[in-house]
Structures are given as C-alpha cells and as structure tokens.
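# Secondary and tertiary structure notes
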Amino acid sequence: MEEKFKGWDWTELITLLGMDEEYTRNVDNAEPEDYYEAEQEFLKKMGNKICGYNHEHPEDADRFIGELRAFLRRVADLSGHYKPFFEGILGLEDNDVFLQMYAMFLGCMWT
C-alpha cells in the first residue's frame, strides 16, 4: 500500500485543507527571500482552520484529524532527534489540545 504522505514538510497539507493549487505553486516556487512570507501566510491560514475545524465540522473532524495524524506519523518516522517530540504530539488524546499543538508547531514539521 502506498503512503498518502511522504512526510517531507508541512506543504503536503495544503491540498488536504482545500487551499488552491496556485498557493501551492507560490510556496514551491518562492525565492528564498519570499519563502518565509509564504510560510507565514500558510501558517496563519492553517492555524485558524485547524483550531476551529473540530467545532465547525464535527461530522468530518475524525477523518480530518486522522489525516493530520497520518502526516505527522510519517514525519516522526523519518525524523532523527525530533522523533520523540513529534510522537509526543501524536500521543495527545484530546483533539482540541492536539489541534492547538499541531497549529503551533506546524512550521517545524519537516524532515
């Protein structure tokens, strides 16, 4: 079975949340000096959506959170020194706390 996520970096989550492909191209093609701004814009949108999603869409929350966990599991499996940190986030059972931590550390989720 093919893994859905490669676990390389947080930009894999752009399409999961329905953000447009133009944004994906803008991030992927950003000049080094513009990449930080693209990342910050993404993190702001993701943080807002992640933190509100569990309450706005309860019928889809389990699937959505499962996708977020699957991505982070791939990142953890490919990580060296940061694996315990990512596994700690994965171990959070309360969805609200998990989503808050996920949004807070999303920019660090890469291998």
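Because the structure is a prediction, the values reported are computed rather than measured.

### Examining the nonpolar core
Soluble globular proteins tend to bury their nonpolar side chains together. Formed by 26 residues in total, the largest nonpolar core has its most connected members in Leu-13, Ile-50, Leu-68, Leu-72, Phe-98, Tyr-102 and Leu-106. Listed by contribution, the elements that provide at least two residues to this core are α2 (32-56), α3 (58-78), α4 (83-90) and α5 (95-105). Here this core takes eight residues from α3, the largest share from any one element. Those residues in contact with Leu-72 that sit more than four places away from it in its chain are Phe-86, Ile-89, Leu-90, Phe-98, Tyr-102 and Met-109.

### Some details on the pattern of salt bridges
Within the structure shown, the criterion is met by four salt bridges. The partner of Asp-77 in a salt bridge is Arg-73, and the shortest N-O contact between them spans 3.0 Å. You can see Asp-77 and its partner Arg-73 sitting in helix α3, four residues apart, about one turn around the helix. The partner of Lys-83 in a salt bridge is Glu-87, with the nearest N and O atoms 4.0 Å apart. In this pair, Lys-83 and Glu-87 are both assigned in helix α4, four residues apart and thus about one turn of the helix distant. One continuous salt-bridge network, built from bridges that share partners, spans Arg-73, Asp-77, Lys-83 and Glu-87.

Reading the values: rules and limits
Residues numbered from 1 in each chain as written. Predicted model: local features only at pLDDT ≥ 70, side-chain atom pairs only at ≥ 80, totals over all residues. Heavy atoms only, no water. Core = buried A, V, L, I, M, F, W, Y, C linked by side-chain atoms within 4.5 Å. Buried < 20%, exposed > 50% of the residue type's maximum accessible area, 1.4 Å probe, protein only. Helix = DSSP H or I, 4+ residues; strand = E, 2+ residues; numbered from the N terminus. Contact = heavy atoms within 4.5 Å. Salt bridge = Lys/Arg side-chain N within 4 Å of Asp/Glu carboxyl O.

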